[in-house]
Structures are given as structure tokens and as C-alpha cells.
Amino acid sequence: MAPRKENTERKAFQYARGMSRSKEAERTMEAVLDTGGRGDWKQDAYGSELAQAMCAHPRSFTIPAVPDPAAYCKQNFGVGYGTDTEQAVQFAKGTTTLAFKFQGGIIVSVDSRSTMGPYIASGTVKKVIEINPYLLGTMAGGAADCAFWERNLGMQCRLYELRNKERISVAAASKLLANTMFQYRGYGLSMGTMVTGWDRTGPQLYYVDNDATRLHGNLFSVGSGSTYAYGVLDSRYRYDLTVEEAIDLGKRAIYHATHRDAYSGGTCNLYHVQENGWVKIGSWDVNELHYLYADEKENAAGAAEEKVASS
Amino acid sequence: MARYDRAITVFSPDGKLFQIDYAFEAVKKASAVVAVRAADTVILGVERKTIAKLQDPRTIRKIVKLDTHATLAFAGLNADARVLIEKTRIECQSYRLTCEDAPSLEYIARFIARTQQRYTQRGGVRPFGVSSILAGFNTDGAPQIYQIDPSGTYFGWKANAIGGRNFKGMREFLEKEWQEGLSQAEATKLTVKALLEVVDSGSKNMELVVIRRGEPAATMSDESVQAVVDQVEAEMEEAKTRGGSASGGASSATAMET
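Conventions adopted
- Residues numbered from 1 in each chain as written.
- Chains lettered and ligands numbered in written order.
- Predicted model: local features only at pLDDT ≥ 70, side-chain atom pairs only at ≥ 80, totals over all residues.
- Heavy atoms only, no water.
- Pairing = 2+ DSSP bridges.
- Helix = DSSP H or I, 4+ residues; strand = E, 2+ residues; numbered from the N terminus.
- Axes fitted to C-alpha atoms, helices over the stretch in contact; angles between N-to-C directions.
- Contact = heavy atoms within 4.5 Å.
- Buried area = accessible area lost by both parts, 1.4 Å probe.
- Salt bridge = Lys/Arg side-chain N within 4 Å of Asp/Glu carboxyl O.
- Polar contact = N/O pair within 3.5 Å; in protein donor to acceptor, adjacent residues only side chain to side chain.
- Nonpolar A, V, L, I, M, F, W, Y, C, P; charged D, E, K, R; others polar.

Asker: Can you explain the sheet that holds strand E7 (residues 192–199) of chain A? Please cite residues and give values.
Answerer: All names here are of chain A. Strand order across the open sheet formed by five strands is E5-E6-E7-E8-E9, with antiparallel pairing between neighbours. The open sheet terminates on both sides in strands that have one partner only, identified here as strand E5 (128–132) and strand E9 (214–216). The mean angle between the axes of side-by-side strands here comes to 20°, regardless of whether they run parallel or antiparallel. Across four bridges, E5 lies against strand E6 (residues 135–138) in antiparallel orientation. Directly across from Ile-129, in E6, lies its bridge partner Gly-137. Where helix H5 (residues 143–164) meets the sheet, its contacts fall on E5, E6 and E7, and the angle it forms with E5 comes to roughly 15°. Across the sheet, helix H6 (residues 170–183) touches E6, E7, strand E8 (202–209) and E9, and the angle it forms with E7 is around 155°.

Shown next as C-alpha cells:
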């Protein structure tokens, strides 16, 4: 079987590079790329192996039948702002998400714009993923990657709960996600997420990304607009904020990021993680926030002028 | 019936798996283990079988540490136990790595049970001839004892005895004498009493380990064990000479310093 397999790979490789248009290679590539219809697998000798792979364990992927699948994925399915405009598949991405821990729990605040290259695909994306009633995950990077793997994490958390009759800790949940990312390292997944919740040890916040980085911290912002959000957050963040101040800070940081970052916008969705679970505080259109803060600034400027005039 | 006891994966017509029953027999041949749950301690006691004169007794360990918070005593084939303990130790560390927390005692018991069950449902392997008693504390501080069988079942116990030629008798004794909320001294005496049912008197024939919350398991010295044995035997003598029924385990007037 071995020599035949190599031949297949070589031909597939050549087909991919446009070097060979042989019938065999064409059939192979069709079999590889045809993930829709099941086709007549029994006829195709290569097909039966592929069919096995595709119907196999739900957590395994079919990978391109090329010599170096990782490099192939990275080259043709890369996720990058501006760098993927020539690709056949442009992933939905572009985001500002932030989360910070304070005395009253954790605030999670996100935007809702999704861009594919220069096209705004959606302005109403739910970038906070409700893993379960006491765990939240955020979405930054490839939307599909985030949504899928965080739902997968939700499944793993539920199994843990059933087996051990107690909720999973945030540390363990984020570790499971990071370990999964490590398995697929180099395959071009794009995911920058914050896993947050309130467990036995209190409110916890972890940052996990697609190369299996896992960081514990008090304040994170992820996405193309994160630098703008960090500016606002770092200047006003204190651990002893009141809940109202923290909510306001979360809103402001997202607004400022959406104002300057082209890939962020839409509505600001804000969640508060409390001891008994998370609560959705609300959604605000960032355009309305713009005029709201503009008015505030004017009023503040007016008051300052009066002060200067009267002193 | 003899046809059904070769392969583990074959049921007998009356629904038995003979290999598992024979594994239980192997456990019976081993030395006894007693475990007693007190109010805030767990006492583990094992029968120390007589060993050859030239053997170094320190290398024979029937009570082992699985993790900082979990202790295991086994009855059965020593070699099988060694393999099972090694697998369990690795699993405890793997759990710590993945979940950044200590595995609960129930998780460890479930793992051992799952491992033992796996070897009852595959071709070409035989079950582990080992019964284990797992002792430690819950996250909420309550003391716990779990027993895991060669069949792969696990149960929590308040007090239990496995192995030895008369573990049923020891268990009945414990059923009569065990009470909720024993002190460490009372539990130690109860353990010694249960062991004396099957071993000849003397501290060199038994080994006791005291597990307190938050502390590593501590082996009792020979002298302290001997002191408890002496006390128990004195009480039994007293009861005999008085001609009344044997004194209950928890009704001791003198408190023991251990």
C-alpha cells in the first residue's frame, strides 16, 4: 500500500501546484476537496480511506493530501488583515474584545463587526460565547475557529461536570482549550480568546490563543482594535472600581477601539461575571455611544471654561 | 462449568465471570487490610506476614502514597498492585497538570476502578488480582475511604476490611463496633482490635498508618502500636475475668497518646 500512497501524495501535490493535470491527480483532489456529497466511495480506492477519515472521530480533521499539510494550510488558508485578500478563502475576523477583573467580578466587553478582507460581513456577531452559565469565552481571530473550539470546550466542561459531580474550574477549562490548540499547532488555526468565570477560587481570567499560549491575568484585550482599547483601559483601570464604573469603562474602551479601528464596530455587548454566573448587562450601538460621549465632552469643556472664566 | 473459566471475556450460563471470582480468591490469600474512618482522621492497618529472616522488612510496603493527599493499602498480588499503583500515580500527576488542582479521592478511585474493569473486558489479559483501599480527605475536609475490587467496582466505606483469611469476620466485627465520630485513639484501638481477629498478638505483626487532614500519612512506631495492643489485650482480659460481654470499642476510659 505504501508506494501507492506516496504516488497519490505526489500527484496531489503536483495538482495543487498546477504542475500536473493528470486524471488521477484530478480525481484525488476532487475526492479531497469534495466534503459535501459522499459520492461513491466504494469505487474509489483512495476514497475509502478518506471516507474513513471523514466519518471518523469528530475531533479529527481531514487534511489536504499534500506533503506538508501544515504549510499548505498556512499558505492558502491563512488569517491575516490585508494579507489574505488574494486567497480563495478569506476568513471572517477583525475584532476588539476585552475583559478585566475588579473587586466586583469580571467585566467582558466586545464589539460585533466581522470583516472578510475589506468587506464587512456582519455587524451583529456575537463575540461572547456562553460556554455554560458560569463560563464565558470571547471571540477574536477566525470566527469559525473560535465558535467551534469554544463549543467543543463547552462539551468537555459538561462531561467533566457529569463525571466529577462538580463544576470545572476556570484554570482547568482554559487548560483544556490550550491543550487542544497545542494539538493543532502549525495548522493555521486563528483564535485569541479569553476564558473567564467565577469558580471555587474566585473570579478568574485566562487568555488562550491558537499557539496554545495560556496566560493568567487581571486585564486583557484581544483583536485588531486591542491597542486602542488598552490605551483607554490602562489609563482608567483600578481594582476597586464600582460595578457601574467598571461597566462604563468597558463600554468606553470598546467605543474608542471601534472609532479608530476599521475592523471593529457594530454594537458593544457587555457581560458581568458574578459569583453565581454571568449576566448580560446590555448592548449599545457604538454610533450612539459616539454622540453620547461627544456630548459629555462638550459639557465638560463648557464647565471647564466657566470655571476658568469665573476663577 | 470448567469450560467457562478460561477466558475472561466469556460469561458462564449463570451469569458469572469466573476469572473475576478467582481474582477475589487471590485477594483472600493475601494479608489483611483494615481501614477505619474517624471524625477527622483515617486509620489504615495491615497485617504484616512473617518474612524470611534475611529479608529487609523496609522494602515490603503495603501502604503506599499515591499523591500528597491520597494513600493506598492493597491486598492481593504484589506485582499486580505495583503496576496499578504506578498507573494511578501517573494519572494523579496528569490530572494535576491538566486541571491545576489535586484530584479528588473519588476521581482516583474511579480511575483505579476503570483500569481494573478494562482488564476484565478484553481478550488475552487477566484481571488485576488486587483489592485496594484508598484513604484520604475530601475537598470539604471530610475523611474518606474507598474500596476498589478486581471487578472494577468501587464503593465508599465508613470502615472496611479486605484480604486475609477472615475478612468477612473482621467486617462483621467492624459493623458491630464502628460508630460515627470516633476520636483518633478510639479508631486506632478499633483497627488493632479488628486486626487481632486474624493476626497473632504483637506489634511486629501489624503496621498502622494514621492519616490526618492536611498532613502526610504517618506510620505509627512499633512502640505506640505495642502500647495499643497491650491496652486492648488488657481490656479483653478484664472482660474475660469479669465474665461479662467484651467491652465495646468506643467505651474506653483512658485516652491514648499516639
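From this point, things continue past the structure.
Asker: Break down the interface of chain B and chain A for me, with residues and values.
Answerer: Contacts between the two partners involve ten residues from chain B and, on the opposite side, 13 residues from chain A. Three residues, Thr-98, Cys-99 and Glu-100 of chain B, lead the burial of chain B against chain A; their summed loss comes to 46% of the area buried on that side. At the junction of chain B and chain A, the tally comes to four salt bridges. The salt bridge involving Lys-165 of chain A is made with Glu-106 of chain B; its shortest N-O contact spans 3.8 Å. Applying the counting rule to chain B against chain A returns six residue pairs in polar contact (both at pLDDT 80 or more). The set of elements that each furnish at least two residues to the side of chain B that touches chain A consists of helix H2 (78–99) and helix H3 (105–118) of chain B. At four residues, H2 of chain B tops the list of elements feeding residues into the side of chain B that touches chain A. Each residue belonging to the side of chain B that touches chain A can be placed in one class, and the counts come to four nonpolar, two polar and four charged.

These figures capture arrangement, not role.
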